[in-house]
Amino acid sequence: MIKNFIEACIFDLDGVVVDTAKYHFIAWKALAEELGFEFTHEDNERLKGVSRMASLEILLEIGGLQFPEREKLAMAEKKNTLYVSYIEKMTPQEILPGVPEFLQELKNNRIKIALGSASKNAPMILDRIQLTEMFDAVVDGNSITEAKPNPEVFLKGAERLGVLPENCVVFEDAIAGVEAARNAGMRCIGIGDPETLGFADLVIPGFDGFTLEKLKTPL
Ligand code: BG6
Ligand code: MG
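Predicted, not measured: the structure shown is a model, and the values here were computed from it. (Residues numbered from 1 in each chain as written. Chains lettered and ligands numbered in written order. Predicted model: local features only at pLDDT ≥ 70, side-chain atom pairs only at ≥ 80, totals over all residues. Heavy atoms only, no water.)

Caption draft 1: Up close: the site of ligand 1. Close contacts around ligand 1 come from 14 residues, with D14, V50, S119, K120 and N121 the closest. Here the shell around ligand 1 is composed, by residue class, of 4 nonpolar, 6 polar and 4 charged. If you count residues domain by domain, the shell around ligand 1 takes at least three from each of domain 1 (8–18 + 92–216) and domain 2 (21–87). (Near = heavy atom within 4 Å. Nonpolar A, V, L, I, M, F, W, Y, C, P; charged D, E, K, R; others polar. Domains from an automatic or database assignment.)

Okay, here's the thing in structure tokens:
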């Protein structure tokens, strides 16, 4: 393998391309309040990168509550309805700084681009922020059966692009996501705090001022 050879980049969505954590927070908090307990920003950190139903399990654990499966499905549905009412109104202004420029640089250099997200709402978000056509492949919560840190979402992305895992670089903000990239045999750039994501190949605060050259040097 050529160390700096990059054929494709695979992006997580929530926390990497857009900051949807704030909308997830509002919606989960509303559910918690309805159930009679407090849900904090700190609690919300635990839900990053975690699937909808697994997030609900964590929320109920925080509240010390248990419910039968049927009621849990109804709760997840209710949370999602509120969440969707927020993301429906998203605009391209909510794309995180530097993301469009970096995607364009990848395109100019013929590097393929995929989305690898746990969210079932990913297609709607991409549509609202008008980024759908930048992606050569979209793998989201509707097309996977295993949650991160299982590598399925990223391996499917590579397969759809027709690229070998070792020639892909993943961009992730969640610990489970960085682990999923590792498990897929891909290099990974953490977006966020080096203290949390230190086991990624490189950690950057965001895409503002980030270039392909900066990506290639440390890998
Ligand atoms: C991930 C988010 O991208 O998607 C999680 O980081 C979220 O917080 C998960 O729970 C599932 O999202 P959705 O939109 O399918 O409920
Ligand atoms: Mg994320």
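Caption draft 2: Structural view of the environment of G15. Here G15 shows up in the loop between strand 1 (8–11) and helix 1 (21–35). By relative accessible area, which is 24% here, G15 ends up partly exposed. Through-space distance from the C-alpha of G15 to that of V203 is 14 Å; in sequence the pair is 188 residues apart. With residues near it in sequence (within four places) discarded, G15 still touches L96, D173 and I191. (Helix = DSSP H or I, 4+ residues; strand = E, 2+ residues; numbered from the N terminus. Buried < 20%, exposed > 50% of the residue type's maximum accessible area, 1.4 Å probe, protein only. Contact = heavy atoms within 4.5 Å.)

Caption draft 3: Quick peek at the coordination of the magnesium ion (ligand 2). Those donors, D12 (OD), D14 (O) and D173 (OD), are the protein atoms that reach the magnesium ion (ligand 2), and they lie 2.0 to 2.1 Å from it. The sequence motif formed by the donor residues of the magnesium ion (ligand 2) is D-x1-D-x158-D. With a gap of 159 residues between them, D14 in the loop between strand 1 and helix 1 and D173 in the loop between strand 4 (168–172) and helix 8 (175–183) connect regions that are remote in the sequence. (Donors = N, O, S within 2.8 Å, 3.2 Å for Na, K, Ca; no water.)

Caption draft 4: Broad picture of the side chain of N80. By secondary structure assignment, the location of N80 is in helix 4 (residues 69–87). Every residue in contact with N80, bar those within four places of it in the chain, is listed here: R52 and N121.

Caption draft 5: Molecular detail of the pairing of strand 1. By the alternation rule, side chains of strand 1 split into A8 and I10 and C9 and F11, which are all buried. Both strand 1 and strand 2 (residues 112–116) contribute to a ladder of 4 bridges, which runs parallel. Of the residues in strand 2, the one forming a bridge with I10 is A114. As paired elements, strand 1 and strand 4 share 4 bridges and run parallel to each other. Residue pairing across strands places I10 opposite V170, the latter belonging to strand 4. (Pairing = 2+ DSSP bridges.)

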